[in-house]
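Residue-level listing of the chains:
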Amino acid sequence: MLQRTAGFGRRREAAVLSRERASAERVEVAPIDAERAHATGPAAVAEIARPSVPVQQSSRRVDTEADLFKSLKQQLFSALVDQIDLPALSKLEPEHARSEIAAILTEIIDERQIGVASADRARIVTDIANQVLGYGPLQPLLDRDDIADIMVNGAGRVFIEVNGKTQETDIRFDSDEQLLNICQRIVSAVGRRVDESSPICDARLPDGSRVNVIAPPLAIDGPTLTIRKFKRDKLTLDHLVRFGSISHEGAEILKIIGRIRCNVLISGGTGSGKTTLLNCLTASIDHDERIVTCEDSAELQLQQPHVVRLETRPRNLEGEGEVTMRDLVKNCLRMRPERIIVGEVRGPEAFDLLQAMNTGHDGSMGTLHANSPREALARLESMISIGGFNLQSKTVREMMVSSIDVIVQAARLRDGRRVITHITEVVGMEGDVITTQDLFLYEITGEDARGIILGEHRSNGNGRPYFWERARYYGEDKRLLDALDASDRRDERRAMDHDRHQLGVGR
Ligand SMILES: Nc1ncnc2c1ncn2[C@@H]1O[C@H](COP(=O)(O)OP(=O)(O)OP(=O)(O)O)[C@@H](O)[C@H]1O
Ligand SMILES: [Mg+2]
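Residues numbered from 1 in each chain as written. Chains lettered and ligands numbered in written order. Predicted model: local features only at pLDDT ≥ 70, side-chain atom pairs only at ≥ 80, totals over all residues.

Engineer: Which parts of the structure should I look at to understand the site of ligand 1?
Structural biologist: With respect to spatial proximity, 16 residues lie near ligand 1, and among them Ala-148, Gly-273, Lys-274, Thr-275 and Thr-276 are the closest. The dominant element in the shell around ligand 1, judged by the number of residues it contributes, is helix H13 (residues 274-282), at three residues. Among the residues forming the shell around ligand 1, the class breakdown is four nonpolar, eight polar and four charged. (Near = placed C-beta within 6 Å. Helix = DSSP H or I, 4+ residues; strand = E, 2+ residues; numbered from the N terminus. Nonpolar A, V, L, I, M, F, W, Y, C, P; charged D, E, K, R; others polar.)

Structure (structure tokens):
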């Protein structure tokens, strides 16, 4: 620590020398009076900091106050980068590095007698520290825990998703170049590159957040960055019950499905909560099972001790070294897994996952993009037929029926809420058609004055599910029966309330 400080000290001596020179030619900004500075915001900074000597006026024309603020920040940033020992800085703890940056910036501002109101000074220091240490204007968004997604559509438009709702923020990047630099910084940390010649890139932030960048010329309105924030504290089924995403009984049944090694597909649209649900289901897996997970970007957080996590790899800059999901799933089979968990099935690995489910790896799970359980089956079939396995459609369907026990459907409703809309069993074939049975459904009953969708989870009342015997084998039959009974009783009560209400209204 002392050495680091010494490093800065040496550097600062040099900085002082250069600052002495700078003060001799002090022409950038006019001195200010402190009172005015205190009473003002960026507007006044702009006025106060406006160059008062012709040299500066002729060197740069600044049209607006915001531009002037930006330009002042840029000048201070350049001065800081000139003076600071970046390698030494990078070795410091973030908090320590921030206070070093703040101290040096304060020195620069005082030395150069730049007039800045204290609130603006704090903002400048924070912005510059974010630029040097973190992800620039993105940093405050990355620091927030309540944000699910950050979506940057070029330098001038940044959206976030909070509580299921997408909203525009007032965060702006100074320019597309600054934005692209930050994207570059993010992707270079995982050994990738994003620029005109390689404009699409997936990456991961050190905290596990999933990142996608698509740059011009493919993204027409500027670099476009999408971040799925990594949640340290993953949601559990109990959270989902509290949020109304599933009923208590429905959650109980999902826990049983997870524990008794049903093969499960989780289906849903983009951002509907598939990965979250997969993570929730894995929480019921016994701790003595060996689990191998395959993901494009490791998002799952399994709590069991015996877990092997695998991640795909895109091809490198020379176009080599790609490891696909199929490669991983195939390799998994040689790793003696008891369960295989595939983050997202989207190609020919569907075939290998089904085979694994069929050959002693009961309790395997995966997610896929589809809007209903039936569509999930159709998508799976087309993934296999496109994969070139040369199988008859009926054969593929039979394989699906003998592999998949349950499809759980997730959806993001119009009001932003995420719910589990179906727990559906895959039960058999009638002719060429796969038959399914809904165990639980979410029924939309209306919408309240605030636009919140009203609905309820109900069981189908068809008696025992097809996985009953399996539940018995694992000693979970009593728990399953209790959950189904409780759900039926709740449905009956609701039906009676409804009838009573109708009668009351009718009278
Ligand atoms: N039931 C829920 N209630 C509230 N928030 C939820 C719920 N399920 C998921 N979320 C949140 O929604 C966001 C998206 O969830 P998740 O990553 O699971 O979706 P996904 O369907 O896997 O998305 P993608 O299609 O991009 O892979 C996350 O921030 C997650 O914490
Ligand atoms: Mg996902």
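We are not done yet, so read on.
Engineer: Please explain the sheet that holds strand E4 (residues 200-204) as it appears in this structure.
Structural biologist: To summarise the sheet geometry, strands pair through backbone hydrogen bonds and adopt either a parallel or an antiparallel arrangement. Read from one edge of the open sheet, six strands run E3-E2-E1-E6-E5-E4, paired in antiparallel fashion. Each of the sheet's edge strands pairs with one partner strand only, and the pair in question is strand E3 (165-168) and E4. Taken pair by pair, the neighbouring strands of this sheet meet at an average axis angle of 15°, ignoring direction. In the sheet, E4 pairs with strand E5 (residues 210-214) via five bridges, with the strands oriented antiparallel. Along E5, the bridge assignment pairs Cys-201 with Val-213. (Pairing = 2+ DSSP bridges. Axes fitted to C-alpha atoms, helices over the stretch in contact; angles between N-to-C directions.)

Engineer: I would appreciate a short explanation of the sheet that holds strand E13 (residues 418-430) in the present structure.
Structural biologist: If you trace the nine strands from one edge of the open sheet to the other, you get E9-E8-E10-E11-E7-E12-E13-E14-E15, paired in mixed fashion. The two strands at the open ends of the sheet, each matched to only one other strand, are strand E9 (307-311) and strand E15 (453-459). This sheet shows a mean twist of 25° between the axes of neighbouring strands, independent of strand direction. Where helix H14 (residues 325-332) meets the sheet, it contacts strand E8 (291-295), E9 and strand E10 (339-342), and its direction lies at approximately 170° from that of E8. Relative to E13, helix H17 (residues 393-403) is tilted by about 120°, and along the sheet it contacts E13 and strand E14 (433-447). (Contact = placed C-beta atoms within 7 Å.)

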